[in-house]
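Letter by letter, the chains look like this.
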Amino acid sequence: MSDPLLTVAVAKARWRLLPFLGLLYVVSYLDRINVSFAALTMNADLGLSQAAYGLGAGIFFVGYVLFEVPSNLILARIGARVWLARIMVSWGLATVALAAASGPTSFIVLRFVLGVAEAGFFPGIIYYLTGWFPLTHRARAVALFMTATPLAGLIGSPLSGWIMSLHQTYGLAGWQWLFLLEGLPAVVLGVVLYRRLPETPGQAAWLRPEEAAALTAAIEAERREIAALHPARLRQGLLSRPVWLAGFVYFCVVVAMYGLVMWLPQILAEALPDGPDRTMHVSLLVMVAYAFAMVGMTAIGASSDRLGERRWHVLGSLGLCLGGMAVMAWAEGLAGSLAGASLAAMGIWGALAPFWGLTTAFLTGQAAAAGIAVINSLGNVGGFAGPSVMGFVKARTGGFGEAFVCIAGLMLLAAVATWFLGRPRRTGNGPPST
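Residues numbered from 1 in each chain as written. Predicted model: local features only at pLDDT ≥ 70, side-chain atom pairs only at ≥ 80, totals over all residues. Heavy atoms only, no water.

A look at the overall build of the protein chain
The test is simple: Elements are defined by DSSP. Helices are runs of H or I of four residues or more, strands are runs of E of two residues or more, and each kind is numbered from the N terminus. In this treatment the radius of gyration is a C-alpha quantity, and the globule benchmark scales as 2.2 Å times the residue count to the 0.38 power. A simple rule labels every residue: compare its accessible area, found with a 1.4 Å probe on the protein chains alone, to the largest value its type can have, and call it buried under 20%, exposed over 50%, or partly exposed in between. By definition, residues are in contact when any of their heavy atoms lie within 4.5 Å. Computed by Shrake-Rupley with a 1.4 Å probe, the accessible areas treat only the displayed protein chains as cover when residues are assessed. We count Lys and Arg on the positive side and Asp and Glu on the negative side, and we leave His and both chain ends out. Where a charge sits is defined by one atom per residue type, namely NZ (Lys), CZ (Arg), CG (Asp) or CD (Glu).
Scanning the protein chain for helices and strands turns up 17 helices and zero strands. In summary, the protein chain has a C-alpha radius of gyration of 21 Å against a globular reference of 22 Å for 434 residues, a match within 12%. Overall size of the protein chain, expressed as C-alpha extent along the three principal axes, is 60 × 45 × 35 Å. Across the 434 residues in the protein chain, those meeting the buried criterion constitute 59%. The contacts of the protein chain with a sequence gap of at least 6 include a subset with a gap of at least 24, amounting to 84%. About 16100 Å² of surface is accessible on the protein chain, with carbon and sulfur atoms providing 67% of the total. The distance from the centre of the 27 positive side-chain charges to the centre of the 19 negative ones in the protein chain is 10 Å.

Concerning the layout of surface pockets
The condition that has to hold: A 1.4 Å probe that fits into a set of points on a 1 Å grid over the protein atoms alone but cannot get out defines a cavity; an open set with protein on both sides within 12 Å along at least five of seven lines defines a pocket, and lining residues are those with an atom within 4 Å of a point. Grid points are joined across faces, edges and corners, and a volume is the space filled by probe spheres set on the points. In this count, Pro and Cys sit with the nonpolar residues alongside Ala, Val, Leu, Ile, Met, Phe, Trp and Tyr, while Asp, Glu, Lys and Arg are called charged and the others, Gly among them, polar.
In this structure, the largest pocket encloses a volume near 300 Å³. Lining the largest pocket are 15 residues, and of these Tyr128, Gly131, Glu199, Thr200 and Arg223 lie nearest its centre. Of all the elements in the fold, those that place two or more residues in the lining of the largest pocket are helix H2 (50-78), helix H5 (121-129) and helix H9 (209-229). Counting residues per element, the lining of the largest pocket draws most heavily on H9, which supplies four residues. Looking at the lining of the largest pocket, its residues break down into eight nonpolar, four polar and three charged. Mapped onto the lining of the second largest pocket, the elements with two or more residues apiece are helix H12 (264-270), helix H14 (311-330), helix H15 (334-359) and helix H17 (401-421). Ranked by residues supplied to the lining of the second largest pocket, first place goes to H12 with three residues. Classifying every residue of the lining of the second largest pocket by side-chain character gives nine nonpolar, five polar and two charged.

Some thoughts on the domain arrangement of the protein chain
To be explicit about the condition: Start and end points for every domain follow an automatic or database-based domain assignment. What counts as a salt bridge is simple: a side-chain nitrogen of Lys or Arg found within 4 Å of a carboxyl oxygen of Asp or Glu. Contacts described as polar in this section are N or O atom pairs within 3.5 Å, which, within protein, must combine one atom able to donate a hydrogen with one able to accept it, while residues neighboring in sequence count only if both atoms come from side chains.
Parsing the protein chain into structural domains produces domain 1 (1-228) and domain 2 (231-422). Between domain 1 and domain 2, the C-alpha centre-to-centre distance is 18 Å. Between domain 1 and domain 2, the contact holds 55 residues from the first and 55 residues from the second. Across the domain 1-domain 2 interface, the total number found is zero salt bridges. Connecting domain 1 to domain 2 are one residue pair in polar contact (both at pLDDT 80 or more). The set of elements that each furnish at least two residues to the side of domain 1 that touches domain 2 consists of helix H1 (4-46), H2, H5, helix H6 (135-146), helix H7 (148-164) and H9. Among the elements that line the side of domain 1 that touches domain 2, the one with the most residues is H2, at 17 residues. Looking at the side of domain 1 that touches domain 2, its residues break down into 35 nonpolar, 14 polar and six charged.

Here is the structure:
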């Protein structure tokens, strides 16, 4: 960008907003996936079969999907600060409540409630970021924000292993401590968010008035240009062909993501001998896959912004995921499973930043609020399907090979859909964004 005020404003927004928003997403992601570590002992305590665990892990996304579009429309109407704070407090309390689960039914119901409580958080953040980062900087901003998910795995894996070691402290099981100690931070951070998150550049005390004006002007000009090329009405966000193509791609990616992460601790645990340190060993091995995920996300997101290209970066990432799933389908032993999981994780997380850079290039106004929520809702259907199918296949066959073959096939279909998603037209500031 040639405008120095705009360059400074974007840099300030990046360092003032993204670390805090990333912290919120770390907590969000931990509260989604901590059930995968809890399952190492919780399943036996609650009498959960493999199929019941898979249903409980996945049903979170049913509640999320049902309330996601309404949630994002409410956020667009009343503002991010109030609505995101409400989401965080309610999901933190729902996570804490999981510590009181007493059997399969209560576990499944509470997971559904957690999904309802968290509905709209991620698409709300993506929509919020469109008001702060022009298209030429958006993929990098989304990538930095979404590194929270692999970072949550890197931090959360050993943390969850340590919390699980508190088993029978004050009479509570390790998995109960896990839900208690990882749910309460969401409540606290929800209050912090309400007090400190600026709605718009004009409300940011850390931007000089002229910097805020330059950033606001650039965003508004970009929105007008996008609206001229792509209608901004609510109907376009809900019904347009590109939105549904993008939603299918995201569905496939999320099937792979949660099919992997919700079962990876149990897959790796099966390859390790029993012992008092097995849970901690599993948590350290899971960290390896998340480390590859972080490398993929940061490197591919940075490359996508540097080259001003989105579609081929998504396609290449889908290829990495397909290869990793194929390795896991036929791998025998710990080394093969971990290698396949690491390659798949690099592709899954590597696809996310260029994917959201691609989709937000043709959405603005009400269409953006609705379209982002529709895409994420379709993706979260994949969040239900992935763990559930994995549990069904495990119960029927005793292994996961057939499920990983199916996921690899979905990656091929996602690549075809990405190709037909096409290239949005050039916008005024910088190179084309696909």
